[in-house]
Amino acid sequence: RTMAITSGNNTVLIVSLDVCGINDTFAGIVKQEIYEKHKIPAAAVFINSTHTHFAPVSQNWFTWQPPNQLPDSLFLYSVVKKGILRSVNEAISAEKPARLYFGRGKTDIGYNRSLKDHPELYDSDVDVLKVQYTDNTESYLFLAACHPVFSTAGTLHYTISANYPGVARKLVEERTDTENSIFLQGTAGDINPGDNGEYISGEKLANEVISVLSRPMNEITGSISFFLDTINIPVMPWSREDIRKLRADNIDKAGDISAERDVKWSNLMLKYLDEGTMPKVMPVYYHTLNIGNWKLAGFSRETTTPYSFGVKKMWPGKHISVAGYTNDVSSYLPSTLHIRAKNYEGLGSFFWYGMPNTFPEGVEEIILETIEKLAR
């Protein structure tokens, strides 16, 4: 689903995908086609994945089992890409005069799954954008942070689903008699659901969105600007000796999924070393849409909670919403706390993503300081 917002000569597109994630190369292909048709630059196209774990593979997972290492090209290009382009075309063609309003609520659908000593590291904000058209119709965009990972028993476990974001959208639309609500995924990298089922969390979220809509909201006025910045973080790859040792330690553990992952990862890293293609940096893309007095900030990768808190502190008097999973989901984006703990977000997940290593300690400070200096 896409929301197109135009003010003056500038148009921005906010796109929401019910997939686990996409790679930056795919996002670039899509944005180029959008530019060729509509002359809307890449920095004005904000593509957010809801991160549902119940969708077909839509990005590269080189260390996974063979059926999951690459997305099916027919699905990726005939379903996902065409779906994005169709929704963009529909959003642009359906534009009509409207006023925008911002409101914020709170939810308890998630908790910090990895930093158990820091329960305060959960961004419980529910941000809501109301589009009130001059013909008295409305549509809504809302953002919350929580992994859509409910593993329901039975056939639902194997059913393609938007998970709780889809439940919330459906309920919001039914209870407000509207259509085409959009959900954006926040900084949910370290946040898991606390409820027992997607229908419970979906209803909780929908109820809070409707509650925000029932209260006075702040009108958004002003011009539009947009920026897409790249922050390159140096990465220290493993030595050839350490990679070979990891491979040797796991090569005889057939059937052990983690061991098989480590062997695939080792083979991939040795290939990079042999070819001279080992990545020296891991880019983090930071996307900013300034729509009047509302700022929508988006991080690439599976962004953890401290980044949301860090950005919001920079603009205390501004309505600011922070999303993860934007434009590229190529690894986790951990904080120094995660890296020091060597937990899943701070270390283990990087093997699954086929990265040369985790980020260095201090990455959070480097990124937030860069954003503050950019002052976008």
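Check the entry above for the structure.
Residues numbered from 1 in each chain as written. Predicted model: local features only at pLDDT ≥ 70, side-chain atom pairs only at ≥ 80, totals over all residues. Heavy atoms only, no water.

S.K.: Sorry if this is basic, but what is going on with the overall build of the protein chain here?
M.R.: Scanning the protein chain from terminus to terminus reveals 10 helices and 16 strands. Projecting the C-alpha coordinates of the protein chain onto the three principal axes gives extents of approximately 65 × 45 × 45 Å. The buried share among the 376 residues of the protein chain stands at 57%. Pairs at least 24 apart in sequence give 77% of the contacts found in the protein chain among residues at least 6 apart. Working note: accessible area of the protein chain is about 16400 Å², and carbon and sulfur atoms make up 52% of it. (Helix = DSSP H or I, 4+ residues; strand = E, 2+ residues; numbered from the N terminus. Buried < 20%, exposed > 50% of the residue type's maximum accessible area, 1.4 Å probe, protein only. Contact = heavy atoms within 4.5 Å. Areas by Shrake-Rupley, 256 points an atom, 1.4 Å probe, with all protein chains shown as cover.)

S.K.: Help me out: how do you make sense of the environment of Ser73 in this one?
M.R.: Counting through the fold element by element, Ser73 comes out in helix H2 (residues 73-93). Sequence separation between Ser73 and Asp117 is 44 residues, and the spatial gap between their C-alpha atoms is 43 Å.

S.K.: Sorry if this is basic, but what is going on with the pairing of strand S13 (residues 294-299) here?
M.R.: Looking along a regular strand, one sees the side chains alternate between the two faces of the sheet. S13 sits mainly inside the fold: 6 of its 6 residues count as buried. The side-chain alternation of S13 yields two buried faces, one formed by Trp294, Leu296 and Gly298 and the other by Lys295, Ala297 and Phe299. Note: strand S12 (residues 281-291) against S13, 6 bridges, orientation antiparallel. Looking at the pairing, Tyr286 lines up with Phe299 of S13. Hairpin connection from S12 to S13: 2 residues lie between these consecutive antiparallel strands, with Gly292 at a positive phi of about 60°. (Pairing = 2+ DSSP bridges.)

S.K.: Would you take a moment to explain the packing of helix H5 (residues 240-250) against helix H6 (residues 257-275) for this structure?
M.R.: If you want to describe how two helices pack, look at the angle between their axes and the distance between the axes. Put simply, H5 and H6 touch, their axes get as near as 8 Å, and they point 150° apart. One finds that H5 runs roughly antiparallel with respect to H6. Handedness of the H5/H6 crossing: left-handed. Contacts from Arg240, Ile243, Arg244, Leu246, Arg247 and Asn250 of H5 reach H6 at Ala259, Asp262, Val263, Trp265, Ser266, Asn267, Met269, Leu270, Leu273 and Asp274. Along the lines of polarity and charge, the residues of the contact of H5 with H6 split into 8 nonpolar, 3 polar and 5 charged. (Axes fitted to C-alpha atoms, helices over the stretch in contact; angles between N-to-C directions. Parallel < 35°, antiparallel > 145°, perpendicular 65-115°, else oblique. Left-handed = near helix turned anticlockwise from the far one by under 90°. Nonpolar A, V, L, I, M, F, W, Y, C, P; charged D, E, K, R; others polar.)

S.K.: Explain the sheet that holds S12 here, please?
M.R.: Note: strands within a sheet are paired through backbone hydrogen bonds, in either parallel or antiparallel orientation. Strand order in this open sheet of 4 strands is S11-S12-S13-S15, and the pairing throughout is mixed. The strands lining the two open edges of the sheet, one partner per strand, are strand S11 (224-234) and strand S15 (319-323). Neighbour to neighbour, the strand axes of the sheet diverge by 15° on average, direction disregarded. Strand direction decides the pairing type here: S13 and S15, joined by 5 bridges, are parallel. Bridge assignment links Leu296 to a residue of S15, and that residue is Ser321.

S.K.: Would you take a moment to explain the sheet that holds strand S4 (residues 98-106) for this structure?
M.R.: In space, the 5 strands of this open sheet follow the order S8-S7-S6-S4-S10, with mixed pairing throughout. Sheet topology places strand S8 (182-185) and strand S10 (218-220) at the edges, where each strand pairs with a single neighbour. Averaged over all pairs of adjacent strands, the angle between strand axes in this sheet comes to 25°, irrespective of strand direction. As defined by bridge partners, strand S7 (residues 138-144) adjoins S8 across 4 bridges and the pair is classed as parallel. Counterpart to Leu143 in the pairing with S8 is Leu184. Running over the sheet, helix H4 (residues 198-214) touches S4, strand S6 (125-133), S7 and S8 and is turned about 55° from S6.

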